[in-house]
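Close look at the chain arrangement
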Amino acid sequence: MLIKFKPVCSVYIDEQEIGYIQNKKSFEKFIKENLYNNEEENIAFSDIDFKIKYSYKLIEKNKKTNEGEVFVAIKEKADITYYMYAVNVNGVERKYLKTEEQAKQVSEELKTKFGEDTNVSVSTVYTKNLDIEQQVEIASISNEIYDEIKEEKRKEEATINGIYLSVNPISGNITSRYGAREAIRDHTHQGLDIAAKIGTKIKVVADGKVIHSGEMGGYGNLIIIDHGNGITTYYGHCSRLIAKVGEKVNAGDIIAEVGSTGNSTGPHLHFEIRQNGKYVDPSKYLYK
């Protein structure tokens, strides 16, 4: 019989067999070292609150034991609390790293980028889900956090009444700013004039709906977009109007082309922002 079969230890979780191991004592030692005291995997606390049963049996000699799979099954069912190190900027957790040394290095990198007065700190975080950077390059992590914060700040600065103005309508030189007094008009300028060649594509600055697409007095060919929350944007002096009334548009969609129609001395885009019908300086949000 011993020629065809070999003795192994069968392992059960909640009465269900999950595999075979060679030796119960050695396997329990392995669990203790790798589940309860495993610093390499950032395990803070482990608890097995279910029954593991062992039963010796004979299996065919050519069959292999599967200690690794048995351990994984136990680990997946175990109650494990992990620890990691969070890099905090202004009280917000930004990235999680495996070691305190890595986190402190990222923290120092960020203080160099933002300045010593920036609130950057490292804290230990305990979690049931392990989500940490492995084999990280510290410079790339600090650059990523730095870029994230810059983008968040830019987005915050480009948001009016909850509407994010994510796209400049065109690229070009600003030839007349909001509030300027010029001979061409009998009132202060109520938007921005951006010079560009005739035919330059004009993009809508945020999601919205076209509520006007046609000629309107001194504006010449004009498109008006309603973005909700009382915010509308105006695109004047166009040579060609592309978006139609009632059409829904997404930020970055092309809605018209630059021209010199209406009260205009040369090809440019007249761009306005209004909040609840009142003029707002566009340069507070775009073209910074």
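Here the structure is a predicted model, which is why all the values come from computation and not from measurement.

**Description of the sheet that holds strand 4 (residues 52-60)**
- An order of 2-1-4 is seen for the three strands of this open sheet, with the pairing classed as antiparallel. With one partner strand each, in any of the chains shown, strand 2 (16-21) and strand 4 form the two edges of the open sheet. Put simply, the sheet's adjacent strands are angled 35° from each other on average, direction ignored.
- Summarising the sheet, strand 1 (residues 5-13) and strand 4 pair through nine bridges and their orientation is antiparallel. Bridging across to strand 4, Val8 finds its partner in Lys57.
- Packing of helix 2 (residues 67-77) onto the sheet brings it into contact with strand 1, strand 2 and strand 4, and relative to strand 2 it is tilted by some 140°.

**Some thoughts on the sheet that holds strand 16 (residues 240-241)**
- Read from one edge of the open sheet, three strands run 12-18-16, paired in antiparallel fashion. Single-partner strands in this sheet number two, and they are strand 12 (201-203) and strand 16.
- Here two bridges tie strand 16 to strand 18 (residues 254-257), and the two strands are oriented antiparallel to one another. Within the sheet, the bridge partner assigned to Leu241 lies in strand 18 and is Ala256.

**Digging into the packing of aromatic side chains**
- Applying the stated criterion across every chain, the model contains six aromatic pairs.
- Here the basic side chain of Lys113 rests over the ring of Tyr146, its NZ or CZ set 5.8 Å away from the ring centre.

**Description of the environment of Gln105**
- The topology assignment puts Gln105 in helix 3 (residues 100-114).
- By relative accessible area, which is 40% here, Gln105 ends up partly exposed.

**As for helix 4 (residues 138-157)**
- In a regular helix each residue adds 1.5 Å, so 20 residues correspond to 28 Å; helix 4 covers 29 Å between its end C-alpha atoms and thus fits that length.
- Of all the residues in helix 4, the buried ones are Ile138, Ile141, Ser142, Ile145 and Ile149. With its buried residues spanning 100° around the axis, helix 4 presents them on a single face.
- Looking at the buried residues of helix 4, the elements they touch are strand 5 (79-89), strand 6 (92-97) and helix 3.

**Observations regarding the packing of helix 1 (residues 24-36) against helix 2**
- The interhelical angle for the contact between helix 1 and helix 2, taken along N-to-C directions, is 50°, at an axis separation of 11 Å. On the basis of their axis angle, the class for helix 1 and helix 2 is oblique. Of the two possible hands of crossing, helix 1 and helix 2 adopt the one that is right-handed. Here helix 1 contributes Phe27, Phe30, Ile31, Asn34 and Leu35 to the contact with helix 2, which in turn contributes Glu67, Val70, Phe71, Ile74 and Lys75.
- Grouping the amino acids of the contact of helix 1 with helix 2 by side-chain chemistry returns seven nonpolar, one polar and two charged.

**Observations concerning the side chain of Lys111**
- By secondary structure assignment, the location of Lys111 is in helix 3.
- Not counting residues up to four positions away in its chain, the partners in contact with Lys111 are Glu116 and Val120.

Criteria and thresholds
- Residues numbered from 1 in each chain as written.
- Predicted model: local features only at pLDDT ≥ 70, side-chain atom pairs only at ≥ 80, totals over all residues.
- Heavy atoms only, no water.
- Pairing = 2+ DSSP bridges.
- Helix = DSSP H or I, 4+ residues; strand = E, 2+ residues; numbered from the N terminus.
- Axes fitted to C-alpha atoms, helices over the stretch in contact; angles between N-to-C directions.
- Contact = heavy atoms within 4.5 Å.
- Phe/Tyr/Trp six-rings, centres within 6.5 Å; stacked < 30°, edge-to-face > 60°.
- Lys NZ or Arg CZ within 6 Å of the ring centre and 35° of its normal.
- Buried < 20%, exposed > 50% of the residue type's maximum accessible area, 1.4 Å probe, protein only.
- Expected span 1.5 Å × (residues − 1).
- Arc of directions from axis to C-beta.
- Parallel < 35°, antiparallel > 145°, perpendicular 65-115°, else oblique.
- Left-handed = near helix turned anticlockwise from the far one by under 90°.
- Nonpolar A, V, L, I, M, F, W, Y, C, P; charged D, E, K, R; others polar.

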